[in-house]
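Spelled out from the first residue to the last, the chains are:
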Amino acid sequence: MAIASAINMLRETAPSVSEERNLETVEMTINMGPQHPSTHGVFRMVLTLEGERVKNVQSHIGYLHRGAEKLGESGEIEGYRKAMITLDRTDYLSSLLNEHAYVMAVEKLAGISVPERAEYIRIILGELTRINSHCMFYGAFGADSGATTPYMYAFALREEIQQLFEAVGGARMFPNYYRAGGLREDVPHDFVHRVQAIIDRAFYAFDDFDNLITANEIFLSRTRGLGILDQTRALDLGVSGPLLRATGLPYDVRRSEPYSIYDRFAFDVPVGTTGDCYERYLIRQEEMRQSIRIIEQALKDLPGGPIMGNAPKALRPPKGEAYVRIENSRGDFGVYLVSDGKSSAPYRVKYRSPCFVNLQSLNDMVIGTYIADAVVALGSIDIVLGEVDR
Amino acid sequence: MRGVLGGFFQTLKSFLTKPVTRLYPYEKPPLEARFMGAPSLLWDDAVDEVVCVACNICARSCPDDCITLTGDKYTDGKTNKKNIIKDYFIDLGRCSYCGICVEVCPFDANEMSPHFELSTYDRMTLVYDKDQLIEIGRGVTRRTGKPEPVGPLPGILDPSTYR
Amino acid sequence: MSNNAASELTLQAVPSWMPAFLVAPMIGGLSLADLIALVVLLLFVLIFVMIEIWMERKVAGHIQLRRGPLHVGPHGSLQSPADVLKLLTKEDLTPVAADRIVFPMAPYLVFVPVFLTFLVIPWGPLVLFGNFVVRPFDLGLVYMVAIPAMQGIGLVMAGWSSGNKYSLLGSARVVAQLISYELPMVIALLGVAMMAESLNLTTIVESQMKQGWNVFLQPIGFLVFFLATMSEMSRAPFDIAVAESEIVGGPFVEYSGMRWGIFYLAEFAAVCLNSALSTALFLGGWELFPGSRALGLGWISDQFGLLFFMGKMIVLVLIIQWARFVLPRLRIDQLMDFAWKFLLPAAFVNFILTAILQVFGFVPFAIGIGLTLALAAVLLATYQARRSPSTVALMRTSPESVPTSKGVGLPV
Ligand code: SF4
Ligand code: SF4
């Protein structure tokens, strides 16, 4: 009796064969970052996955927020000088380019002129910084797609450039070398020879870079056709830099609105046709070579003379505001300064960081691809979290 | 296929070239003459005392607020200083090695030294006091604000002089 | 075709000078000699893995313009023992979300199958000792396919029991990868079995000495087998299961200390194993060079065969390690495509070609090889042509054609 009822109970609870089975895949949410080897710092992506496919991506930023803009406004004395220290540390890969933008903004605000020699040196060092930063991209992008060797190749070249920065400005990454009106001090005597040695070496290094992965079939299949951003969408998002140029628009601030003395140099702006990850990679490779061209011309014409303009010792610009933009290694970088005319620190500091804007294109690139592609697409944006979060 | 083989060939080439690594703790890296290590206080050998006059400008200009100093009345009469430092602390854990304190000093009393080996188990040991700052500044000469020396280049510092 | 060849060579598993009590079967048919052989084999695997890790780090270092390990021992050669010591002293963490029973078991289930497969490898003779092989099974080939496949279970257990989504993804990838690469591998091995008319690994090596190395007779088979095993053991560029830039280590994410060390051991032991298998199956085992027997130099291989076997194995290990530092990682769909659209058809072609060789002789076989190569060339050419070449060429611009920021409606 008891056995029969137990069997009956089992019959009732067991799923009947005819019952509809729901075999849909379950979506999985996976948290990539802030501690993940290939989110370029502390970026966090919350990926919604269906199997290996990315259904949705949500970006979270702010883990590296240090209040660089507010810190820039907080100096009690020497405020204009202090702001540059924090600016250097936002985009730690293009520090000298950003310094250039900042001093140009201060010069515009205070009406300071810059001597020729200082301008040339700024161009040379700025382009070296661009190479430095693109080297880092090369390494990181290789690592994102699974090749470890590019990193070391890139760092061998970076080492030489940074050694030069140390010789010129005393520090390898944050030289804090530009000043409103010129430079902190003149370059060392052997500057020209050393730069020449670096660019001679760089050409071989670029060839090595190319031999290693540029034509590699696996690398091609991983990056080509991935993360396509079309031109209208790119413009809608406000994307700039290599990302925008890969869509076919030859927009480069150095060309479109020549600042400093960029109008004196002949260089090409590489553009892509489809706007995929591979073209972004190629564009950065080509930009390194174009930077070398610019450096060669600047070295040839490097004039003598003073390196400091008519800058007053204690900087106190008149009331007003200034916005300056440059092409840094990631795109259109802008510095906005407001002076209240009284204090020796800017009243308002605002940086327009290209990384932050470019990062918004992530959703367009990643949704519908595989997890592995999400990493590569993020790598192709070439973000620096210090600049995104500021 | 060509690209893959190119990669193999390239790595073979780099396998056979000399490594670029420097064996750091055994083999000191070449430091440039302008290398900015920790800020240090300069010693005036002529009168055998510290140059600093405790004017506090460096402390106020430091972007990281890592300099703390107290002054004292100067009574020795060897120079025409009014004050001399009693205590002078720099928190090297916070310092960003920017060189602003050196640039703003009106008395040429400090300079960035080549001292950079700061690894420690206790971050309080990174707060350097006056004596330590003088010690790391020994042999350092004031360079900032002075014209570049002509003639033979200062070149690369001798690694044995690091402290 | 090959049986009389084997008897001619008279290679024995058990040398005649061994005392009887050593070879007398004990519990479960295992003799004392078997147990000793097992211990020796285990020691060999452990030591070889250490050497291999050191080698890999050195290779990686020099490829990447670095120097690799330097400090412990001459040229860092004692780095691996030092690492083992470090791993032993590390805490074995079990995450809260992990399964208490399955989690600690998984590492052993990954290592044991790999180790068991070493039993059938014919290492070759060395002067007095006769032919080194722990168990010369007649079904060796089947055994060496079946046993390592169990590794997948261990990896799935590791991935599932960790309670981590990354490791779950990793183990899902492992399963997909193992299943799709098992097939071309087995079909490539059919060719080997057909050539030797045997499934015994020792006989396969001996038949290669007789009729030429398999790598020349079935190069496609070798390629397929080599690539498939590389993928089976999750080595770059097929390392999607561990993919540290995407899923940060796959099934091993949550492991630490010696448990993680065992995974590592299994991974490197698998590299050693697969190189050894490729050597035995395709590279003529312990023969010095192809055709040496015909030149009357067979005695060199018969006396020092073990050394040649090791040499070939190490060369293969080096190639596998080299590839890791050259190639980017494939994506999962590309990996599957590669297995099903390239390796599998290639394995079938190899199978058919070998059948032609065995049944019709060498001339039709040579014609078949030629036809295959031609077909491959045509396919490759069409593939190259289909890929749009335009993107590589970058448009150069002159200053005039550059839009200004106002022209394209960018924020000014
Ligand atoms: S170097 Fe810069 S951060 Fe360091 S103490 Fe001097 S001013 Fe402050
Ligand atoms: S170091 Fe220079 S600025 Fe600082 S307190 Fe001394 S004299 Fe003044």
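Structure: above.
Model, not experiment: these values are computed from the prediction.

Rules behind the numbers
Residues numbered from 1 in each chain as written. Chains lettered and ligands numbered in written order. Predicted model: local features only at pLDDT ≥ 70, side-chain atom pairs only at ≥ 80, totals over all residues. Heavy atoms only, no water. Contact = heavy atoms within 4.5 Å. Buried area = accessible area lost by both parts, 1.4 Å probe. Salt bridge = Lys/Arg side-chain N within 4 Å of Asp/Glu carboxyl O. Polar contact = N/O pair within 3.5 Å; in protein donor to acceptor, adjacent residues only side chain to side chain. Helix = DSSP H or I, 4+ residues; strand = E, 2+ residues; numbered from the N terminus. Core = buried A, V, L, I, M, F, W, Y, C linked by side-chain atoms within 4.5 Å. Buried < 20%, exposed > 50% of the residue type's maximum accessible area, 1.4 Å probe, protein only. Near = heavy atom within 4 Å. Nonpolar A, V, L, I, M, F, W, Y, C, P; charged D, E, K, R; others polar. Expected span 1.5 Å × (residues − 1). Pairing = 2+ DSSP bridges. Phe/Tyr/Trp six-rings, centres within 6.5 Å; stacked < 30°, edge-to-face > 60°. Lys NZ or Arg CZ within 6 Å of the ring centre and 35° of its normal. Patch = residues over 30% accessible without salt bridge, like charges linked within 9 Å, V, L, I, M, F, W, Y side chains within 5 Å. Areas by Shrake-Rupley, 256 points an atom, 1.4 Å probe, with all protein chains shown as cover. Axes fitted to C-alpha atoms, helices over the stretch in contact; angles between N-to-C directions.

A.B. asks: I'd like a rundown of the interface of chain A and chain C, residues and numbers included.
C.D. replies: Taken together, the contact pairs 57 residues of chain A with 43 residues of chain C. Between chain A and chain C the total buried area reaches about 4400 Å² when both faces are included, carbon and sulfur atoms providing 60% of it. Our count for the contact surface shared by chain A and chain C stands at 2 salt bridges. With its nearest N and O atoms 2.6 Å apart, the salt bridge here joins Arg173(C) to Glu52(A). In this structure, the connection of chain A to chain C is made through 10 residue pairs in polar contact (both at pLDDT 80 or more). Counting residues per element, the ones that place at least two in the side of chain A that touches chain C are β1 (28-32), α5 (116-144), α6 (149-169), α8 (217-223), α11 (253-256), α12 (277-301) and α15 (371-381) of chain A.

A.B. asks: I'd like a description of the nonpolar core, backed by residues and values.
C.D. replies: Residues Leu125(A), Leu128(A), Ile131(A) and Phe209(A) are the most contacted members of the largest nonpolar core, which totals 121 residues. Per-element accounting of this core gives the leading share, 13 residues, to α5(A). Ignoring anything within four residues of it in the chain, the contact list for Leu125(A) reads Leu96(A), Leu164(A), Phe165(A), Val168(A), Tyr177(A), Tyr178(A) and Phe191(A). Formed by 98 residues, the second largest nonpolar core is a distinct cluster that contains Phe118(C), Val192(C), Met233(C) and Ile262(C).

A.B. asks: Could you give me a rundown of the site of ligand 2, with the residues and numbers involved?
C.D. replies: Of all residues adjacent to ligand 2, which total 13 residues, the nearest are Cys52(B), Cys55(B), Asn56(B), Cys58(B) and Cys105(B). Looking at the shell around ligand 2, its residues break down into 11 nonpolar, 2 polar and no charged.

A.B. asks: Before we move on, could you go through the site of ligand 1 and cite the residues and values that matter?
C.D. replies: Around ligand 1 sit 13 residues in total, of which Cys62(B), Cys95(B), Ser96(B), Cys98(B) and Cys101(B) are the nearest. For the shell around ligand 1, a count of residues per class yields 10 nonpolar, 2 polar and 1 charged.

A.B. asks: Before we move on, can you summarise the pattern of salt bridges with the specific residues and values?
C.D. replies: Residues and elements named next belong to chain A. All told, the structure shown has 43 salt bridges over all chains when counted by the stated rule. The partner of Glu 69 in a salt bridge is Lys 350, and the shortest N-O contact between them spans 3.8 Å. Pair noted here: Glu 69 is in helix α2 (residues 68-73) and Lys 350 is in strand β8 (residues 348-352), with a separation of 281 residues, a long-range link. Two residues, Glu 327 and Arg 245, come together in a salt bridge whose shortest N-O distance is 2.9 Å. Of the two residues, Glu 327 sits in strand β6 (residues 320-328) while Arg 245 sits in helix α10 (residues 242-246), which places them 82 residues apart along the sequence. Glu 327 gets classed as buried once you look at its relative accessible area, which sits at 0%. Take Arg 245: its relative accessible area is 1%, and that puts it in the buried class. Overlapping salt bridges bring together Glu 127, Arg 130, Arg 245, Asp 252, Arg 254, Glu 287 and Glu 327 as one network.

A.B. asks: Got a sec to walk through the environment of Gly379(A)? Specific residues and values, please.
C.D. replies: Residue and element names in this part refer to chain A. Take Gly 379: it is sitting in helix α15. Taking relative accessible area as the criterion, Gly 379 reaches 1% and is therefore assigned buried. Once the C-alpha coordinates of Gly 379 and Gly 126 are considered, the two residues, 253 residues apart in sequence, prove to be 23 Å apart. Setting aside its immediate chain neighbours within four residues, Gly 379 contacts His 40, Phe 137, Phe 141 and Asp 144.

A.B. asks: Tell me about α12(A), residues and numbers included.
C.D. replies: An α-helical turn contains 3.6 residues, so any two residues separated by three or four positions project in the same direction. For α12(A), spanning 25 residues, the distance from its first C-alpha to its last is 36 Å, which sits close to the expected 36 Å at 1.5 Å a residue. Burial runs high along α12(A): 21 of the 25 residues are buried.

A.B. asks: Just give me the short version of unusual backbone geometry, but keep the residues and values in it.
C.D. replies: The backbone of Ser260(A) sits at a positive phi, close to 50 degrees, despite the residue not being glycine. As for its position among the elements, Ser260(A) is in the loop between α11 and α12. The phi dihedral of Leu65(C) falls on the positive side, at around 60 degrees, and the residue is not glycine. Topologically, Leu65(C) is positioned in the loop between α3 (32-63) and α4 (79-89). Look at Leu65(C) and you get buried, because its relative accessible area is 13%.

A.B. asks: Kindly report on the sheet that holds strand β4 (residues 67-73) of chain B, identifying the contributing residues and their values.
C.D. replies: All names here are of chain B. Strand order across the open sheet formed by 3 strands is β4-β5-β7, with antiparallel pairing between neighbours. If you trace the sheet from one side to the other, it starts and ends with β4 and β7 (127-128), each paired once. Pairing of strand β5 (residues 83-91) with β7 involves 2 bridges; the strand directions are antiparallel. Of the residues in β7, the one forming a bridge with Ile 90 is Tyr 128.

A.B. asks: Describe in detail the packing of aromatic side chains, supporting the description with residues and values.
C.D. replies: Residues and elements named next belong to chain A. What the rule picks out here adds up to 36 aromatic pairs over all chains. Of the aromatic side chains, those joined through ring pairs into one cluster are Phe 137, Tyr 138, Phe 141, Phe 203, Phe 206, Phe 209, Phe 219, Tyr 278 and Tyr 281. The aromatic ring of Tyr 370 is capped on one face by Arg 53, whose charged end is 4.3 Å from the ring centroid. The ring of Phe 137 is capped by Arg 284, whose NZ or CZ atom sits 4.2 Å from the centre of that ring.

A.B. asks: With reference to specific residues and values, describe a nonpolar patch on the surface.
C.D. replies: Residues and elements named next belong to chain C. Residues Val 39, Leu 43, Ile 47 and Ile 51 make up a contiguous nonpolar surface patch of about 360 Å² in total accessible area. Mapped onto the fold, Ile 47 is located in helix α3. Take Ile 47: its relative accessible area is 48%, and that puts it in the partly exposed class.

A.B. asks: I'd love a proper account of the interface of chain B and chain A, names of residues and values included.
C.D. replies: Tallying the contact residues gives 34 residues for chain B and 35 residues for chain A. Around 2700 Å² of area is buried between chain B and chain A when both sides are counted, 49% of it from carbon and sulfur atoms. Scanning the region where chain B abuts chain A turns up 5 salt bridges. Lys13(B) serves as the salt-bridge partner of Asp208(A), at 3.7 Å between the closest nitrogen and oxygen. Scanning the region where chain B abuts chain A turns up 12 residue pairs in polar contact (both at pLDDT 80 or more).

A.B. asks: Got a sec to walk through the sheet that holds β8(A)? Specific residues and values, please.
C.D. replies: All names here are of chain A. Within the open sheet, the 3 strands sit side by side as β6-β7-β8. Their pairing is antiparallel. Of all strands in the sheet, those bounded by a partner on one side alone are β6 and β8. Neighbour-to-neighbour, the strand axes of the sheet open up by a mean angle of 10 degrees, direction not taken into account. When β6 meets strand β7 (residues 331-339), the two strands line up antiparallel, connected through 9 bridges. Residue Tyr 323 lies in a different strand from β7, and its bridge partner there is Tyr 336.

Functional significance is not addressed by these values, which are geometric in nature.
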